[in-house]
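Chains, contacts and geometry: an overview
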Amino acid sequence: MPTKTTVRDPAPSNKGGRSIAIAQYTAEARPLGKGGMATVYRATAPDGTVVAIKELMAHLRSDRKMV
């Protein structure tokens, strides 16, 4: 099972581009989008590849099918 990681922006009104380390990725603290199932963050891998990291909502993380 993957490592659980939570991303939170300590300053939601921040427009300055804070970043947070998630495993080997560096994610922007501001989400790209948020919906009923998840929040999506833009992140960069060590090799420079841009990826999306999707954090499932808490009520879905306990559902093994969803994870």
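Let me sum up the structure you'll find in this document. (Residues numbered from 1 in each chain as written. Predicted model: local features only at pLDDT ≥ 70, side-chain atom pairs only at ≥ 80, totals over all residues. Heavy atoms only, no water.)

Assigned secondary structure in the chain consists of one helix and five strands. In sequence order, the secondary structure elements of the chain are arranged as β-β-β-β-β-α. For the chain, the proportion of its 67 residues judged to be buried stands at 24%. Counting every atom, the chain has about 5,000 Å² of accessible surface; 53% of that belongs to carbon and sulfur. (Helix = DSSP H or I, 4+ residues; strand = E, 2+ residues; numbered from the N terminus. Buried < 20%, exposed > 50% of the residue type's maximum accessible area, 1.4 Å probe, protein only. Areas by Shrake-Rupley, 256 points an atom, 1.4 Å probe, with all protein chains shown as cover.)

Looking now at the environment of Ala 27. Relative to the helices and strands, Ala 27 is located in strand β2 (residues 25–28). Residues Ala 27 and Ala 52, spaced 25 residues apart in sequence, show a C-alpha to C-alpha distance of 8.6 Å. Apart from the residues lying within four places of it in its own chain, the contact partners of Ala 27 are Arg 18, Ser 19, Ile 20, Ile 22, Tyr 41, Arg 42 and Ala 43. (Contact = heavy atoms within 4.5 Å.)

On to the pattern of salt bridges. The tally for this structure, following the rule as stated, stands at two salt bridges. Between Glu 28 and Arg 42 there is a salt bridge, with the nearest N and O atoms lying 3.1 Å from each other. Here Glu 28, found in strand β2, pairs with Arg 42, found in strand β4 (residues 38–44); they are 14 residues apart in sequence, far enough to count as distant. For Glu 28, a relative accessible area of 32% translates into the label partly exposed. Of the charged contacts in the structure, one is a salt bridge between Arg 61 and Glu 55, with a shortest N-O distance of 3.6 Å. We classify Glu 55 as buried; its relative accessible area is 9%. (Salt bridge = Lys/Arg side-chain N within 4 Å of Asp/Glu carboxyl O.)

Now for the environment of Ile 53. Along the chain, the position of Ile 53 falls in strand β5 (residues 50–56). For Ile 53, a relative accessible area of 19% translates into the label buried. Measuring from C-alpha to C-alpha, the distance between Ile 53 and Thr 39 comes to 8.3 Å, with 14 residues separating the pair along the chain. Beyond its immediate chain neighbours, meaning those up to four positions away, Ile 53 contacts Ile 22, Tyr 25, Thr 39, Val 40, Tyr 41 and Ala 43.

It is worth spelling out the environment of Val 67 at this point. Structurally, Val 67 can be placed in the segment after α1 (58–61). The partly exposed category is assigned to Val 67, whose relative accessible area is 47%. Counting along the chain gives twelve residues from Val 67 to Glu 55, while the straight-line C-alpha distance between them is 9.9 Å.

Shape descriptors only; they carry no functional weight alone.
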